[in-house]
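Fold and contact review
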Amino acid sequence: KALLSTVQQPVKITYYQSSSIAKLYPQVRDVMDFLTEYASQNKNISLLVKDPDNDQSVKTMLENYGIQTQQMRTVTNTITQYVNVYSAIVIEYKGYVETIPFTMAANTLEYDLDGRLKHLITGVSRTVNIVIGNGLSLNEDYSYLVPWLNSQGFVCNPLYPEQAGFVETLRESEGLLLIIGDSQISIDNAIAIEDYILNRKGNAFFMVSPYSSAIEDDWSITANQRTNIVEMLENWGVTFTQKIVGDISNARITMYSDDQSETQIINYPLWVSLLQQTNSTNGITLFWPTALEVSGNAQPYLYTSPAAFAFETDKNSPKRLIETNPFVMNTVNTSSLEKGTFTVGAEINGELKGLYNLAHSDKSRIMVIPDQYFVNSLMTGYIGGQNGDYRNFEFLTTSLLKLNGEEELAELNSRGSRDSSLYKVTDSLSFVRYQLITYLILYVLIPLAILIFGVIYNVGKNRKNK
């Protein structure tokens, strides 16, 4: 409401909805209800609804906006059909356009609308500079990352530490910093990254660990030879221990035989599934996370369950620090391992002093996840199942919004799945009150009104007869 109150110029919201979609998926009426309520908050906001199915010019315009039809499946008793439908929103302001290409429910609609409208009004883009520092490819190994962030309203600026001009390019950049892995980040690049943060050019999110896993091979874990970023974070109060965390709250994965003829579903304790908590309302999955210890301006941000346990890494076995075979892990005796709640996410908030630079920052905000495969495409596929699991990406979006100072949008984005129908009552006390009112009307007032009407009618009829 505060955002909508700032709208001083006309904003045009157009909802392009195929006529057939409402019959197939009645929940889309929630979208219409919410848009109506949204537009009613300010007289400068107008709402139009159009059906593009029978208007080729409208379809062409939507294609120019990058909006395509979505194929939906319909099943009856006798036949399965596929239909192409639209359910898109276009927001226009001062000649500029933002789009929501497809929406079926109102669960995240407030966040989607607010983020796009805020961008139109302020003209300020959210920039995130992405540095892949573990030798993997942004386009292949993290192929979901840029499209996801773009869909959330972020402008992505990939930076490549292996290229000669990395330091100069970073120095000229602005915005948030996202570092994924650090085994291939040289000391010169680490100095440039620290300088970027200390000079308040942007807050940062780190997905790093002193260990790497052969994710496309046998999942063996080895120690990284170069951990300049890890050392920098430890200087700021986030210490990476020599413990790999496991938990009875973990991901279930499907393992296939060599000929794909047999499958087996197993629980893999080294892929820790975090329960819902303050800073992760929907939960996330961490892959071979390292236990963290914090001090100074660093504070715990994410926790395992109380039933978690830790494997001490074996320094004398550099090729395989701990056992990671999922079939063997099911038989490992954990009774002798350290157990309890472990910190697997940290936040640094406040003054920072450089490890590699003499500069310092009076106020910085940094988030740390001890997992460089957190948004890796291969790992996302393992835990996704049939419907996909993008909670890690949602958590990343919320975290970046917080680092960007957009706490309100972050709160909207982090809300769990909820019933957003405006004509339903979800508050328990309100429900009881409305229930009593309904019973009073149905079983007292209406029968009494009928009785009174009958008495008056009969009295009048008798008088007429007399």
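Right above here is the structure, for reference.
Let us look at the structure shown here. Since the model is a prediction, treat every value here as computed from it, not as a measurement.

Quick word on the overall build of the protein
In terms of helices and strands, the protein carries 13 helices and 22 strands. When the backbone C-alpha atoms are referred to their principal axes, the protein occupies close to 115 × 55 × 50 Å. With 466 residues in all, the protein has 45% of them scored as buried. By sequence separation, contacts in the protein at least 24 residues apart represent 72% of the contacts at least 6 residues apart. A distance of 15 Å separates the average location of the 35 positive side-chain charges in the protein from that of its 48 negative side-chain charges.

Remarks on the packing of aromatic side chains
Overall, the coordinates contain 21 aromatic pairs when judged by the stated rule. Where Trp219 meets Tyr382, the ring centres are 5.5 Å apart and the plane angle is 90°; that geometry is what we call edge-to-face. Of the two residues, Trp219 sits in the loop between β11 (211-213) and β12 (221-223) while Tyr382 sits in helix α10 (residues 377-384), which places them 163 residues apart along the sequence. Look at Trp219 and you get buried, because its relative accessible area is 5%. Residue classification places Tyr382 among the partly exposed positions, given a relative accessible area of 31%. Between the aromatic rings of Phe453 and Tyr457, the centroid separation amounts to 6.3 Å while the plane-to-plane angle is 20°, which identifies the pairing as stacked. In this pair, Phe453 and Tyr457 both sit in helix α13 (residues 428-465), four residues apart, roughly one turn of the helix. For Tyr457, a relative accessible area of 49% corresponds to the partly exposed category. Feature note: the residues Trp219, Tyr268, Trp271, Phe287, Trp288, Tyr373 and Tyr382 constitute an aromatic cluster, connected by ring pairs. Positioned above the aromatic ring of Phe154 is the side chain of Arg126, whose terminal nitrogen or guanidinium carbon lies 5.3 Å from the ring centre. Between Arg433 and the ring centre of Tyr434, over which it is positioned, the NZ or CZ distance is 5.4 Å.

Looking at helix α11 (residues 391-403)
Over its 13 residues, α11 extends 18 Å from the first C-alpha to the last, a length consistent with the 18 Å expected when each residue adds 1.5 Å. Buried residues dominate α11, accounting for eleven of its 13 residues. Within the sequence span of α11, burial applies to Asn392, Phe393, Phe395, Leu396, Thr397, Thr398, Ser399, Leu400, Leu401, Lys402 and Leu403. Looking one or two residues past α11, Gly405 carries a phi angle of roughly 80°, positive in sign.

Details of the nonpolar core
Core analysis: the largest hydrophobic core is formed by 63 residues, its most contacted members being Leu145, Leu149, Phe205, Trp271 and Trp288. For this core, the element with the most residues is α11, which contributes six residues. Each residue touching Phe205, except ones within four places of it in the same chain, is listed here: Leu177, Leu178, Ile179, Met367, Ile369, Phe395, Leu396, Ser399, Leu400 and Leu403. Of all hydrophobic cores here, the second largest spans 31 residues; its members include Val131, Leu170, Ile193 and Val368.

Regarding the environment of Met379
Among the secondary structure elements, Met379 is positioned in helix α10. Take Met379: its relative accessible area is 0%, and that puts it in the buried class. As for Met379 and Asn235, which are separated by 144 residues in sequence, their C-alpha atoms are 30 Å apart. In this view, Met379 contacts Ile215, Trp271, Phe287, Trp288 and Tyr373; residues no more than four positions away in its chain are not counted.

Side note on the environment of Tyr15
Take Tyr15: it is sitting in strand β1 (residues 11-17). Between the alpha carbons of Tyr15 and Phe206 there is a distance of 38 Å; along the sequence they are 191 residues apart. Once you skip the residues sitting within four places of it in the chain, Tyr15 turns out to touch Val28, Val31, Met32, Leu35, Leu48, Val49, Lys50, Ser87, Ala88 and Ile89. Of note is the side chain of Tyr15, whose polar atom sits 3.2 Å from the side chain of Gln17.

Quick look at a nonpolar patch on the surface
Taken together, the side chains of Tyr434, Ile437, Tyr439, Leu440, Ile441, Leu442, Tyr443, Val444, Leu445, Ile446 and Ile450 define a hydrophobic patch exposed on the protein surface, amounting to about 1100 Å² of accessible area. Residue Ile450 is classed as exposed on the basis of its relative accessible area, which comes to 57%.

What to know about the sheet that holds strand β6 (residues 96-100)
With mixed pairing, the four strands of this open sheet are ordered in space as β2-β1-β5-β6. Each having just a single partner strand, β2 (45-50) and β6 make up the two edges of the open sheet. In this sheet, neighbouring strand axes are inclined to one another by 20° on average, regardless of whether the strands run parallel or antiparallel. Looking at chain direction, β1 and β2 are connected through six bridges and run parallel. Each bridged residue has a counterpart across the sheet, and for Thr14 the counterpart in β2 is Leu48.

The rules behind the values
- Residues numbered from 1 in each chain as written.
- Predicted model: local features only at pLDDT ≥ 70, side-chain atom pairs only at ≥ 80, totals over all residues.
- Heavy atoms only, no water.
- Helix = DSSP H or I, 4+ residues; strand = E, 2+ residues; numbered from the N terminus.
- Buried < 20%, exposed > 50% of the residue type's maximum accessible area, 1.4 Å probe, protein only.
- Contact = heavy atoms within 4.5 Å.
- Lys, Arg positive; Asp, Glu negative; His and termini not counted.
- Charge placed at Lys NZ, Arg CZ, Asp CG, Glu CD.
- Phe/Tyr/Trp six-rings, centres within 6.5 Å; stacked < 30°, edge-to-face > 60°.
- Lys NZ or Arg CZ within 6 Å of the ring centre and 35° of its normal.
- Expected span 1.5 Å × (residues − 1).
- Core = buried A, V, L, I, M, F, W, Y, C linked by side-chain atoms within 4.5 Å.
- Polar contact = N/O pair within 3.5 Å; in protein donor to acceptor, adjacent residues only side chain to side chain.
- Patch = residues over 30% accessible without salt bridge, like charges linked within 9 Å, V, L, I, M, F, W, Y side chains within 5 Å.
- Areas by Shrake-Rupley, 256 points an atom, 1.4 Å probe, with all protein chains shown as cover.
- Salt bridge = Lys/Arg side-chain N within 4 Å of Asp/Glu carboxyl O.
- Pairing = 2+ DSSP bridges.
- Axes fitted to C-alpha atoms, helices over the stretch in contact; angles between N-to-C directions.

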